[in-house]
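Spelled out from the first residue to the last, the chains are:
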Amino acid sequence: MSPPVQAAYSYCEAVTGQQARNFAYGIRLLPNEKRQAMSALYALSRRVDDIGDGELDPETKLARLEGTRELLERVRKDAVDEDDTDPVAVALADAARRFPFPLGGLDELIDGVLMDVRGATYETWDDLKAYCRCVAGAIGRLSLGVFGTAPGARGAERAAEYADTLGLALQLTNILRDVREDAANGRTYLPADDLAAFGCSVGFHRTTPPPGSDFAGLVHFEVRRARALFAKGYRLLPMLDRRSGACVAAMAGIYRRLLDRIERDPEAVLRGRVSLPGHEKAYVAVRGLSGLDARHVSRLTARGRA
């Protein structure tokens, strides 16, 4: 690997380590080449998210998102030189040469962020699911392009479906964790139908639930939905090699434990950001490396219960 490309990857890995601790925790379990590619994907995704979440006016955001699409087109055409001034472009172009990940997934991410910029709201779960597929399901499919499936893995033709579903599970967990923060930024992601059913249509602008609402009921309802998505998405694990499976199990395991915490104390998400201590993350990583989750899913599938 040439020095400019190595430097570009180092930049992306630094961005990943600083901005996405849960993600970075998982990809540390990958071999170097795959970890670098995942960092390049994350760095570009982080750029897109930062445009959407920043304080620029909508027209400027739209222009910058269009500029990112143009960058992707240069990557598709293999038109990014090693001495390009954009390290993310250099790293992503190199990763795209090494791994067959679907770059269209990054276009989907941009489409999802455009929904945010335009102030989209979601009436039903189907509406929200379309958004989640753009901003998270697509990342699952991109990641699968880096991981690949293990030779001879049973059911591998459905791997992209399971990767997409696991992305939805992670995103719904994020939405539950961030309801207060999103409300402060003028955004509501939970479906309007669900909010109305549990008396939460006024939103989440305080550290206590809306008066007269069944906030705990709403959270538990969404937790059950997320658990069902995790159960389906976890079918991906036995299809991956040991270290890729460990990476996915670690990242997904962290979010499942966040979901457990949210379920035990729903109002915690109104008081601040729910997170896991380092020792729990370490346990999840060791569990992933041991293959326990993959073997458990394999047993359930064999019994016809997964």
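Right above here is the structure, for reference.
Thresholds applied
Residues numbered from 1 in each chain as written. Predicted model: local features only at pLDDT ≥ 70, side-chain atom pairs only at ≥ 80, totals over all residues. Heavy atoms only, no water. Helix = DSSP H or I, 4+ residues; strand = E, 2+ residues; numbered from the N terminus. Contact = heavy atoms within 4.5 Å. Polar contact = N/O pair within 3.5 Å; in protein donor to acceptor, adjacent residues only side chain to side chain. Phe/Tyr/Trp six-rings, centres within 6.5 Å; stacked < 30°, edge-to-face > 60°. Buried < 20%, exposed > 50% of the residue type's maximum accessible area, 1.4 Å probe, protein only. Lys NZ or Arg CZ within 6 Å of the ring centre and 35° of its normal.

Student: Can you walk me through the environment of Glu-280 in this structure?
Tutor: Here Glu-280 shows up in helix α14 (residues 278-290). Distance in space between the C-alpha atoms of Glu-280 and Glu-13 is 23 Å, their sequence separation being 267 residues. Ignoring anything within four residues of it in the chain, the contact list for Glu-280 reads Arg-257 and Arg-261. Side chain to side chain, Glu-280 and Arg-261 meet in a polar contact 2.6 Å long.

Student: Sorry, what's going on with the packing of aromatic side chains here?
Tutor: For any pair of aromatic rings, the description rests on two quantities: the centre-to-centre distance and the angle between the ring planes. In total, this model carries six aromatic pairs according to the counting rule given. Here Tyr-131 and Tyr-189 contribute two aromatic rings whose centre-to-centre distance is 5.3 Å and whose plane-to-plane angle is 25 degrees, an arrangement assigned as stacked. Of the two residues, Tyr-131 sits in helix α7 (residues 125-147) while Tyr-189 sits in the loop between α9 (179-184) and α10 (192-197), which places them 58 residues apart along the sequence. Accessibility classification places Tyr-131 together with Tyr-189 in one group, the buried group. Look at Phe-204 and Phe-215: their rings are 5.5 Å apart centre to centre, the planes differ by 65 degrees, and that puts the pair in the edge-to-face class. Remark: Phe-215 occurs in helix α11 (residues 215-233) and Phe-204 occurs in the loop between α10 and α11; sequence separation between them is eleven residues. Each member of the pair Phe-204 and Phe-215 is classed as buried. The rings of Tyr-122, Tyr-131 and Tyr-189 are connected pair by pair, giving a single aromatic cluster. Just above the ring of Tyr-234 sits the side chain of Arg-256; from NZ or CZ to the centre is 4.5 Å.

Student: Help me out: how do you make sense of unusual backbone geometry in this one?
Tutor: Most peptide bonds take the trans form, and the phi angle of most residues other than glycine is negative. Positioned with a positive phi, Asp-78 is a non-glycine residue whose angle comes to about 55 degrees. Along the polypeptide, Asp-78 turns up in the loop between α4 (58-76) and α5 (87-98).

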